[in-house]
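# Descriptive analysis of the structure
Spelled out, the chains give:
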Amino acid sequence: MKNPFYFSAAEERETSLLSLIMSLSQAMDLVSPYVAKHQLKVAYLADALAKEMGFPDKDLWAIQYAGILHDIGALSLSKRLEYLSFEINNPHRHAELGYLLLSDFSPLETAASIIRHHHVKWNSGEGKVFEGNPVRIESHLLHLADRISVLLDQNREVLSQVSRIKDTILDKTGTWFHPEAVKAFLSLAEREAFWITLALVGTENRFCEQATDSMLLDSDSLLDIAKLFARVIDFRSRFTATHSSSVASVALFLARERGFSSKECRELQISGYMHDLGKLSVPLEILNKPGPLSQEELYVIKKHPFYSFKLIEQIGGMERIKIYGSLHHEGLTGNGYPFHLAEPEIPLGSRIVACADIFTALTEDRPYRKGMEEGEVVFLLMDQIKQGTLDKRVVDILLDNKEKVFSIRAESQAEAEKEYSSLESRVSFNNL
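Throughout what follows, the structure given in this document is the object of discussion.

The rules behind each value
Residues numbered from 1 in each chain as written. Predicted model: local features only at pLDDT ≥ 70, side-chain atom pairs only at ≥ 80, totals over all residues. Heavy atoms only, no water. Core = buried A, V, L, I, M, F, W, Y, C linked by side-chain atoms within 4.5 Å. Buried < 20%, exposed > 50% of the residue type's maximum accessible area, 1.4 Å probe, protein only. Contact = heavy atoms within 4.5 Å. Helix = DSSP H or I, 4+ residues; strand = E, 2+ residues; numbered from the N terminus. Expected span 1.5 Å × (residues − 1). Patch = residues over 30% accessible without salt bridge, like charges linked within 9 Å, V, L, I, M, F, W, Y side chains within 5 Å. Areas by Shrake-Rupley, 256 points an atom, 1.4 Å probe, with all protein chains shown as cover. Salt bridge = Lys/Arg side-chain N within 4 Å of Asp/Glu carboxyl O. Lys, Arg positive; Asp, Glu negative; His and termini not counted. Charge placed at Lys NZ, Arg CZ, Asp CG, Glu CD. Phe/Tyr/Trp six-rings, centres within 6.5 Å; stacked < 30°, edge-to-face > 60°. 1 Å grid on protein atoms, 1.4 Å probe; cavity = no way out; pocket = protein on both sides within 12 Å on 5 of 7 lines; lining within 4 Å. Points joined across faces, edges and corners; volume = space filled by probe spheres on them. Nonpolar A, V, L, I, M, F, W, Y, C, P; charged D, E, K, R; others polar. Axes fitted to C-alpha atoms, helices over the stretch in contact; angles between N-to-C directions. Parallel < 35°, antiparallel > 145°, perpendicular 65-115°, else oblique. Left-handed = near helix turned anticlockwise from the far one by under 90°.

### Re the nonpolar core
Counting residues in hydrophobic clusters, the biggest one holds 90 residues, and the most contacted among them are Ile169, Phe185, Ile225 and Met274. Sequence-distant contacts of isoleucine 225, defined by excluding residues within four places in its chain, comprise Leu17, Leu20, Ile21, Phe105 and Leu217. Core analysis: the second largest hydrophobic core is formed by 33 residues, Leu252, Tyr324, Ala356 and Val377 among them.

So, in structure tokens, the structure goes:
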């Protein structure tokens, strides 16, 4: 049996944008089985509607991506569950935040503009402009796809629901929904295969097999989307808003000081941005809890590095990043989690990320305490060496350069806080 923690250079693959956003969407779904696969089903529906309306193949990838990520701006489980109701109040804030999160990454700029208005109603043509911005027809397709998806009861036979769903959609045609999009839906709805495929989306990669894009990312684009991942992971809470970017900056410095190659340093930096991907499975209520966590809440927290491992594992070209980033809670004596690996099984890159993660966590504010001062941080890092959690060689690099490392973390934190505050000023994060 192949050891999942080791690989040869010959096994490295190229990284596609589709595999990355699929991983991000699946990470968001981990928060609850009630929201799982909704985004994929919306992507399938929007794609089917666009094809039925005669959209050219070159335009389909943006519609697919928009579907896969359309709820990325819904930060809490309660809001995501609320948006699974057919009629919802004030749905536009999470769509605007989704747009703002994605639009700075140029390969997703078109998808972001589709997501921005995916809850704008047609209203007999009035929905062509919203708050001074033009509304794309793809946004109306996405809106219809989203509402069809929430009408589908996963616990009932899919074909028995066709008449009810059609009647509900028809009742809102010309008011909520674009008439041409509804016409395409009604044509699709006559085909049992359409509904059976919809019910299967999310199993056996049924949607991925149909996706049209195969965009491969160079190292610069990969770093840019890793930063996007960090925003999505961290901006759910003010207390985590700067965490991954700080871990990435500190890990990059430690790797350079240790003599890693430029390629390896880039991989360590990306690992820092993505190491907490599995933390999207942790409810916001736990992240923001002002007091000690219960045992059940600790169990939830302890799952996140395993989820990071499994989510990154499915992304081609990220074999080292998977190992460097997702083993950040392992300890050298086997006292960590979730795999309980021991020293020979934990590569130096993983130990660097672990050190950067603990250092950053100690120095940043948390709901239950303020960030620690330098003396206390140094004491606790030394204690982590004694406990067999951190590698002394890595901690020594940090402590030998502690003024520089504290400065790097402060600069990274300030930059991330500025970005977080800028977004929050445009879209209030409360009740998202």
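Text resumes after the structure shown.
### A short note on helix α7 (residues 137-151)
With 15 residues, α7 extends 22 Å between its outermost C-alpha atoms, agreeing within 8% with the 21 Å of an ideal straight helix rising 1.5 Å per residue. Among the 15 residues in α7, 14 count as buried, and that is most of the element.

### Some words on a negative patch on the surface
Residues Glu373, Glu374, Glu376 and Glu403 make up a contiguous surface patch of negative charge. As for its placement among the helices and strands, glutamate 373 is situated in the loop between α18 (348-363) and α19 (374-386).

### Looking at the side chain of aspartate 276
Looking at the element boundaries, aspartate 276 is found in the loop between α13 (262-274) and α14 (284-287). Those residues within four positions of aspartate 276 in sequence are excluded, and the remaining contacts are Ile233, His243, Ser244, His304, Ser308 and His328.

### Some thoughts on unusual backbone geometry
Generally, phi is negative for residues other than glycine and the peptide bonds are trans, each holding for most cases. Following tyrosine 337, the chain continues to proline 338 via a peptide bond in cis, the omega torsion being 5°. Topologically, proline 338 is positioned in the loop between α17 (319-326) and α18. Here the phi dihedral of glutamate 131 falls at roughly 50°; this positive angle occurs in a residue that is not glycine. Position of glutamate 131 among the secondary structure elements: in the loop between β1 (129-130) and β2 (133-134).

### Re the packing of aromatic side chains
Per the stated rule, a full pass over the model turns up 10 aromatic pairs. Taking the centre distance of 6.0 Å and the plane angle of 80° together, the rings of phenylalanine 185 and tryptophan 195 count as edge-to-face. Of the two residues, phenylalanine 185 is situated in helix α9 (residues 179-189) and tryptophan 195 in helix α10 (residues 192-200); the sequence distance between them amounts to 10 residues. Judged by its relative accessible area of 0%, phenylalanine 185 is buried. The exposure class assigned to tryptophan 195 is buried, which follows from its relative accessible area of 1%. Taken together, a centroid distance of 5.1 Å and an interplanar angle of 65° make the contact between phenylalanine 309 and phenylalanine 339 edge-to-face. You can see phenylalanine 309 sitting in helix α16 (residues 304-313) and its partner phenylalanine 339 sitting in the loop between α17 and α18, a full 30 residues away along the chain. Given a relative accessible area of 3%, phenylalanine 309 falls into the buried group.

### Examining the layout of surface pockets
In this structure, the largest pocket encloses a volume near 980 Å³. Lining the largest pocket are 39 residues, and of these His329, Tyr337, Ala361, Arg366 and Tyr368 lie nearest its centre. For the lining of the largest pocket, the element with the most residues is α18, which contributes 4 residues. Along the lines of polarity and charge, the residues of the lining of the largest pocket split into 15 nonpolar, 13 polar and 11 charged. Its volume calculated, the second largest pocket comes out at about 490 Å³. Looking at the second largest pocket, it is lined by 21 residues, and the ones nearest its centre are Lys227, Ser245, Tyr273, Glu415 and Glu419. Where the lining of the second largest pocket is concerned, the elements lending two or more residues are α11 (219-234), α12 (243-258), α13 and α21 (402-426).

### Focus on the packing of α19 against helix α20 (residues 392-400)
At their nearest, the axes of α19 and α20 sit 10 Å apart, and the two run at 165° to each other. Classified by the angle their axes make, α19 and α20 are roughly antiparallel. Crossing hand, α19 versus α20: left-handed. When α19 is examined against α20, the residues Val378, Leu381, Met382 and Ile385 are found in contact with a partner set consisting of Lys392, Val395, Leu398 and Leu399.

### Some remarks on a nonpolar patch on the surface
A surface patch of nonpolar side chains, amounting to about 220 Å² of accessible area, comprises Leu159, Ile196 and Leu200. As for its placement among the helices and strands, isoleucine 196 is situated in helix α10. According to the relative accessible area criterion, isoleucine 196 is partly exposed, its value standing at 40%.

### Brief notes about the environment of tyrosine 34
For tyrosine 34, the location among the structural elements is in the loop between α1 (17-29) and α2 (38-52). Since its relative accessible area comes to 65%, tyrosine 34 is described here as exposed. A sequence separation of 50 residues divides tyrosine 34 from leucine 84, and the C-alpha atoms of the two residues are 9.0 Å apart. Excluding anything up to four places from it in sequence, tyrosine 34 contacts Leu81 and Leu84.

### Examining the packing of α2 against helix α3 (residues 60-69)
The geometry of α2 relative to α3 is characterised by a closest axis approach of 7 Å and an angle of 155° between their N-to-C directions. Between α2 and α3, the interaxial angle falls into the category roughly antiparallel. The handedness of the crossing between α2 and α3 is right-handed. Here Gln39, Leu40, Val42, Ala43, Ala46, Asp47, Ala50 and Lys51 of α2 lie close against α3, whose contacting residues are Leu60, Ile63, Gln64, Gly67, Ile68 and Leu69. Taken together, the residues of the contact of α2 with α3 break down into 9 nonpolar, 3 polar and 2 charged.

### Considering empty space enclosed by the protein
Applying the stated criterion to the full structure yields 2 cavities of 30 Å³ or more. Roughly 130 Å³ of internal volume is contained in the largest cavity. Residue lining of the largest cavity: Met28, Val31, Ile72, Ala74, Leu75, Ser76, Leu77, Arg80, Val232, Arg236 and Leu280, and that is the complete set. Looking at the lining of the largest cavity residue by residue, the classes come out as 8 nonpolar, 1 polar and 2 charged. Roughly 50 Å³ of internal volume is contained in the second largest cavity. Surrounding the second largest cavity, Leu327, Glu330, Gly331, Leu332, Ile346, Ser350, Arg351, Ala354, Thr389, Leu390 and Asp391 form its lining.

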